[in-house]
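Each chain, written out:
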Amino acid sequence: MASHKNVQIIRWVVIITSFIIVTLILWNTYDFFQKFKNEERAKMEILAGAYERFSAYDLNADFSLEDKIIGKNNNIPMIITNEKDSITLWANLDSIKIKKPTYLKKQLALMKGQNTPVTVSHKKGNTKQLIYYRDSDLLTKLKYYPIALILILFLFASVIYLFFKSNKIADQNKLWTGMARETAHQIGTPLSSLLGWIEILKLEKTDETIVKEIENDVNRLNTIAERFSKIGSIPILKKHNIVEATSSAFNYLKSRSSKQVVFNFKSINPEILVAINLQLFSWVIENLVKNAIDSMEGKGKIHLLITEDAKNVIIKITDTGKGIPKHLQQKIFSPGFTTKKRGWGLGLSLAKRIIEDYHNGKIAVLKSELKKGTTFIVVLKK
């Protein structure tokens, strides 16, 4: 308990420290951006002063400094207009796009929305010009730097989250595997005893029908124990007649279900050989059939159809139950998901794992209509 508490404290310290570091980086970036933007504004104001000096028309004056200032502006895109908003000069714009008639107007509109213009006052003639400008390419890149940083941190955090989540799931899987195997071990002891009692009942010449039913249920318990013992290990697949295996699991539940449920089994061929693990495959069929019975609340029809093509065996299980809403059709295979008041929500999750992970097949909801029923499909390679 103390160890878990320490881990929680360390986790929160790391999260808070990371948040502080990110906040400081973003703040420093924003501060640098504002300073850089102010510097560009100052350059434009100096440039405006240089243009004002040029307009003095003093032939004896030295304009070398002003000429140098104007020549040095080679990175801030700008457009100069007169008082009537007509463009008179531009600089640092795309030399290819400048030939398009609308390009300068679009750039001017962009500049007007981005920065306040700098006024150039000409003493002679008492006229004014306006210098419009937009952020330099370097400043534009700097503007998007925090967004890029946040995305990188988000991706990094996602990787860490998925790593911890996968570790947690792995630990949970180990726990479930251990519990399943322990359950199988615990069931084994009373099973051995029950098998002995069945032999005694046979010797006592008890009604064969009763003994047979007890024997079937004991065998069923033995099958369940075998299934649980296989969880967490790679099952051995052998060629079996999938029609017979499916029929056996189907009929077992048929004999133990309400008479108000009509069971219908059909296969286009009496024998189709497929490499399966018999115990685990029958578990899938039983889970799907029990799920169908539950959805019908003990009254309705269940139809199981087995077909095949050149490569696959297709099993469809259709019920006349309440149906599954579209937004839940993917979630029903998630561990722990259930719409029932009782249950662990593991049946369909185990069925998916058995078919897809162990048998390299597919299982899905083929179709479902509310208040009309659902069809599950299982596809296995022959």
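Our subject is the structure that appears above.
Residues numbered from 1 in each chain as written. Predicted model: local features only at pLDDT ≥ 70, side-chain atom pairs only at ≥ 80, totals over all residues. Heavy atoms only, no water.

Can you walk me through the overall build of the chain in this structure?
Tallying secondary structure elements over the chain gives eight helices and 11 strands in all. By the burial criterion, 31% of the 382 residues in the chain qualify as buried. Carbon and sulfur atoms provide 60% of the accessible area of the chain, an area that totals close to 25,200 Å². (Helix = DSSP H or I, 4+ residues; strand = E, 2+ residues; numbered from the N terminus. Buried < 20%, exposed > 50% of the residue type's maximum accessible area, 1.4 Å probe, protein only. Areas by Shrake-Rupley, 256 points an atom, 1.4 Å probe, with all protein chains shown as cover.)

Which parts of the structure should I look at to understand the sheet that holds strand β6 (residues 261-267)?
Sheet strands line up and pair through hydrogen bonds in the backbone, either parallel or antiparallel. The five strands lie next to each other as β6-β8-β9-β11-β10, forming an open sheet whose pairing is mixed. The strands lining the two open edges of the sheet, one partner per strand, are β6 and β10 (362-369). Averaged over neighbouring strand pairs, the angle between their axes works out to 15° when direction is ignored. Across the face of the sheet, helix α7 (residues 278-295) comes into contact with β6, β8 (300-308), β9 (312-319), β10 and β11 (373-381) while running at roughly 25° to β9. Along the sheet, helix α8 (residues 347-358) makes contact with β10 and β11, crossing β10 at roughly 135°. (Pairing = 2+ DSSP bridges. Axes fitted to C-alpha atoms, helices over the stretch in contact; angles between N-to-C directions. Contact = heavy atoms within 4.5 Å.)

Before we go on, may I ask you to explain the pattern of salt bridges in this structure?
Here the idea is simple: oppositely charged side chains can pair when their charged atoms come close. Throughout the structure, instances matching the rule amount to seven salt bridges. Salt-bridge contacts for K35 lead to D31; the nearest nitrogen and oxygen are separated by 3.4 Å. Highlighted residues: K35 and D31, both in helix α1 (residues 2-54), separated by four residues, approximately one helical turn. Residue D31 is classed as partly exposed on the basis of its relative accessible area, which comes to 31%. Linking K382 and E308 is a salt bridge whose minimum nitrogen-to-oxygen distance equals 2.7 Å. (Salt bridge = Lys/Arg side-chain N within 4 Å of Asp/Glu carboxyl O.)

What exactly am I supposed to notice about the sheet that holds strand β3 (residues 118-122) here?
Across the sheet, four strands lie side by side as β2-β1-β4-β3; this open sheet has antiparallel pairing. Only two strands of the sheet have a single neighbouring strand rather than two, namely β2 (87-91) and β3. Taken pair by pair, the neighbouring strands of this sheet meet at an average axis angle of 20°, ignoring direction. Pairing analysis gives five bridges linking strand β1 (residues 78-82) to strand β4 (residues 127-133), with the strands arranged antiparallel. Residue pairing for β4: I80 is matched across the bridge by I131.

Got a minute to help me understand α8 in this structure?
Every α-helix winds through 3.6 residues per turn, so residues three or four apart in the chain are directed the same way. Here α8 is 12 residues long and its end C-alpha atoms lie 16 Å apart, about the 16 Å a rise of 1.5 Å per residue gives. Just past α8, the residue N360 takes up positive phi, approximately 55°. (Expected span 1.5 Å × (residues − 1).)

Looking at this structure, I do not really get the packing of α7 against α8. What am I missing?
How two helices pack is summed up by the angle between their axes together with the distance between the axes. As a packed pair, α7 and α8 sit with axes 9 Å apart at the nearest point and diverge in direction by 145°. Judged by the sense of rotation from one axis to the other, the crossing of α7 with α8 is left-handed. Contacts from L280, F281, W283, V284, N287, L288 and N291 of α7 reach α8 at G347, L348, L350, A351, I354, I355 and Y358. Here the residues of the contact of α7 with α8 sort into 11 nonpolar, three polar and no charged. (Left-handed = near helix turned anticlockwise from the far one by under 90°. Nonpolar A, V, L, I, M, F, W, Y, C, P; charged D, E, K, R; others polar.)

Can you help me understand the side chain of T81 in this one?
Take T81: it is sitting in strand β1. Once residues within four sequence positions are removed from consideration, T81 is found in contact with S86, I87, T88, L108, Q129, L130 and Y132.

Quick question: what am I supposed to make of the packing of helix α6 (residues 242-255) against α7 here?
Contact geometry for α6 and α7: axes closest at 9 Å, N-to-C directions at 45°. Between α6 and α7, the crossing angle belongs to the class labelled oblique. For α6 against α7, the interelement crossing comes out right-handed. Between α6 and α7, the residues in contact are I242, A245, T246, A249, F250 and L253 and L278, F281, S282, I285, E286, V289 and K290, respectively. Per-class residue counts for the contact of α6 with α7 are nine nonpolar, two polar and two charged. (Parallel < 35°, antiparallel > 145°, perpendicular 65-115°, else oblique.)

Whenever I open this one, the nonpolar core confuses me. Can you help?
Taken as a class, soluble globular proteins show a tendency for nonpolar side chains to be buried jointly. Grouped together as the largest cluster of nonpolar side chains are 42 residues, with contacts concentrated most on I242, F281, V289, I302 and I315. Top contributing element to this core by residue count: α7, with nine residues. When residues no more than four places from it in sequence are discounted, the contact partners of I315 are I242, T246, F281, I285, L304, L305, I306, F376, I377 and V378. Judged by nonpolar contacts, the second largest core, of 11 residues, contains A48, M78, I80 and Y133. (Core = buried A, V, L, I, M, F, W, Y, C linked by side-chain atoms within 4.5 Å.)

What am I meant to see in unusual backbone geometry here?
Comment: phi is negative for the bulk of residues other than glycine, and the bulk of peptide bonds are trans. Backbone geometry at N92 places phi at a positive 60°, although glycine is not the residue there. For N92, the position within the fold is in the loop between β2 and α3 (103-114). On the accessibility criterion, N92 (29% relative accessible area) is partly exposed. Phi angles above zero are rare outside glycine, and E297 is one such case at about 55°. Within the secondary structure, E297 sits in the loop between α7 and β8. By relative accessible area, E297 is classed as exposed at 67%.

By themselves, these are just geometric observations and shouldn't be taken as functional.
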